[in-house]
Amino acid sequence: MVDPISNPSLLTFPCDFTIKVFGLGTEEFEAAVLMIVHQHVPNFSDRMIQSHPSKQGKYLALSLTVHVDSKDQLDDIYRALSSSPHVLMAL
């Protein structure tokens, strides 16, 4: 078992990391998420997105695989996504 005190991050940077983002199934949601990710990962490729609409189509789940260089960069992405009014949840 890894001790979180002596090893605060289980990730080794740089790395590829998948972020799951949930919101209403609107074009505004997807555009807002892409804008945020591109601000923090300028070379992010839109091909690294998987889109999963809910059964009724009201909600949309996006899985984005980003290449991050540091924990701070990843934290900044999560903070920006979580503060967006278009995002219901980011995991």
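We now turn to the structure provided with this report. Bear in mind that the values here come from a model prediction, so they are computed numbers and not experimental data. (Residues numbered from 1 in each chain as written. Predicted model: local features only at pLDDT ≥ 70, side-chain atom pairs only at ≥ 80, totals over all residues. Heavy atoms only, no water.)

**Quick notes on the overall build of the chain**
Consideration 1: Looking only at helices and strands, one finds two helices and four strands in the chain.
Consideration 2: The secondary structure elements of the chain, listed N-terminal to C-terminal, are β-α-β-β-α-β.
Consideration 3: Its C-alpha atoms put the chain at 45 × 30 × 25 Å along the principal axes.
Consideration 4: For the chain, the proportion of its 91 residues judged to be buried stands at 33%.
Consideration 5: At a minimum sequence separation of 6, the contacts of the chain that also span at least 24 residues come to 70%.
Consideration 6: As displayed, the chain offers around 6100 Å² of accessible surface, 57% of which is attributable to carbon and sulfur atoms. (Helix = DSSP H or I, 4+ residues; strand = E, 2+ residues; numbered from the N terminus. Buried < 20%, exposed > 50% of the residue type's maximum accessible area, 1.4 Å probe, protein only. Contact = heavy atoms within 4.5 Å. Areas by Shrake-Rupley, 256 points an atom, 1.4 Å probe, with all protein chains shown as cover.)

**Remarks on the packing of aromatic side chains**
Consideration 1: One pass over the structure, following the stated rule, counts one aromatic pair.
Consideration 2: Consider the rings of Phe-17 and Tyr-78, whose centres lie 6.4 Å apart with planes at 75 degrees: the pair is edge-to-face. Taken together, the residues Phe-17 in strand E1 (residues 15-24) and Tyr-78 in helix H2 (residues 71-83) connect sequence positions 61 residues apart.
Consideration 3: Residue class for Tyr-78 comes out buried when judged on its relative accessible area of 19%. (Phe/Tyr/Trp six-rings, centres within 6.5 Å; stacked < 30°, edge-to-face > 60°.)

**A short note on unusual backbone geometry**
Consideration 1: Here the residue pair Phe-13 and Pro-14 is connected by a cis peptide bond, since its omega of -5 degrees sits within 30 degrees of zero.
Consideration 2: Tracing the sequence through the fold places Pro-14 in the segment before E1.

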